[in-house]
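Analysis of the macromolecular model
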Amino acid sequence: MTSSLSPSRDIAVLLQIMRRLRTPVTGCPWDLKQSFETIAPYTIEEAYEVADAISRGDLAHLREELGDLLLQVVYHAQMAEEQQAFDFGDVVEGITTKMIRRHPHVFGDEAARSAAVPEDFWERAKAAERAEKARAGASSEGSAGSESILADVPLPLPALTRAVKLQDRAAAVGFDWPGLGPVMDKLKEELTELDDAIAAGAEDRISEEFGDLLFVIANVARHLKIDPEAALRAANDKFVRRFRYIEEALAARGKRPADSSLEEMDALWDEAKTSEADKPGAPETRKES
């Protein structure tokens, strides 16, 4: 086997690179030590880096990060092939099958393509797939029992994202608030309960009530059709941007934040807000934000 490989647009070359890296004795010692469990954190990290490149509008970086994410797919597929579980081709076949099945209005017969697509078609298609998996699982176990509709919402998801997905699943079978109003009432109720727990010094309840508050906030985001993770990332970015303004303004005065008073930094924070609002095309900002 030749030891040289050249950069290529062919996915087969990437698959060959991964096989070589995982070949005992001649492969990379670090890659040979890895498992699904050790690689999974990198997979999550690469997905976040893709999202970061998108949020910054950095298409050159996005191309690189998509390559890193693709490598993660190839990595997991190679390890699965070594265990004779499945290979990369099975992954591709599985996702192409799913996409064709979920888009009969694009890939189906003439009648399916001409039919109007129901608004909830995607969710109903996924629900049918989950039901089929549950039946297959029950059959293989010789049991007629059914799995919870919440069972396959992945645990490793960011907690806010998972909360929204859990709520979506429950809402699909009718377990949902009828509108935003009752959710906002529930938000106020949870905030009061957190206040009460703090006032009572009930340490065992404070964390629980705070979690309940966050869960309702996720529900508010869901009813507003807002991605809570994206909204929080934007808030984080805004905080970093404005605090950087404070640091730079203080540095121009020969000072650091640690040498300044809260009042001075607060005034600079307001300056940062005003500066952003005055920029052409800047979104309107609320006084309390």
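Let us look at the structure shown here. (Residues numbered from 1 in each chain as written. Predicted model: local features only at pLDDT ≥ 70, side-chain atom pairs only at ≥ 80, totals over all residues. Heavy atoms only, no water.)

**Overview of the overall build of the protein**
Condition: Each helix is a run of H or I in the DSSP string that is no shorter than four residues. Each strand is a run of E no shorter than two, and both are numbered from the N terminus. Each residue gets one of three labels from its accessible area relative to the maximum for its type: buried under 20%, exposed over 50%, partly exposed in between, using a 1.4 Å probe on protein chains only. The contact rule is simple, with two residues in contact once any of their heavy atoms fall within 4.5 Å.
Helix and strand content of the protein: 13 helices and zero strands. Starting at the N terminus and walking to the C terminus, you meet the elements of the protein as α-α-α-α-α-α-α-α-α-α-α-α-α. Burial statistics for the protein: of 289 residues in total, 23% are counted as buried. A sequence separation of at least 24 residues applies to 45% of the contacts in the protein between residues at least 6 apart.

**Overview of the packing of aromatic side chains**
Aromatic rings considered in pairs are described by the distance between their centres and by the relative angle of their planes. What counts here: Any pair of Phe, Tyr and Trp rings, taking the six-membered ring for Trp, is counted once the centres come within 6.5 Å. Such a pair is stacked with planes under 30 degrees apart, edge-to-face with planes over 60 apart, and tilted for the rest.
Inspection of every chain in the model, using the stated rule, returns three aromatic pairs. Ring geometry for phenylalanine 239 versus phenylalanine 243: centroids 6.0 Å apart, planes at 10 degrees, classification stacked. In this pair, phenylalanine 239 and phenylalanine 243 both sit in helix 12 (residues 228-252), four residues apart, roughly one turn of the helix. For phenylalanine 239, a relative accessible area of 48% puts it in the partly exposed group. The class of phenylalanine 243 is partly exposed, set by a relative accessible area of 28%. Their ring planes at 50 degrees and their centres at 5.5 Å tell us that phenylalanine 239 and tryptophan 269 sit as a pair that is tilted.

The values are spatial; any link to function lies outside them.
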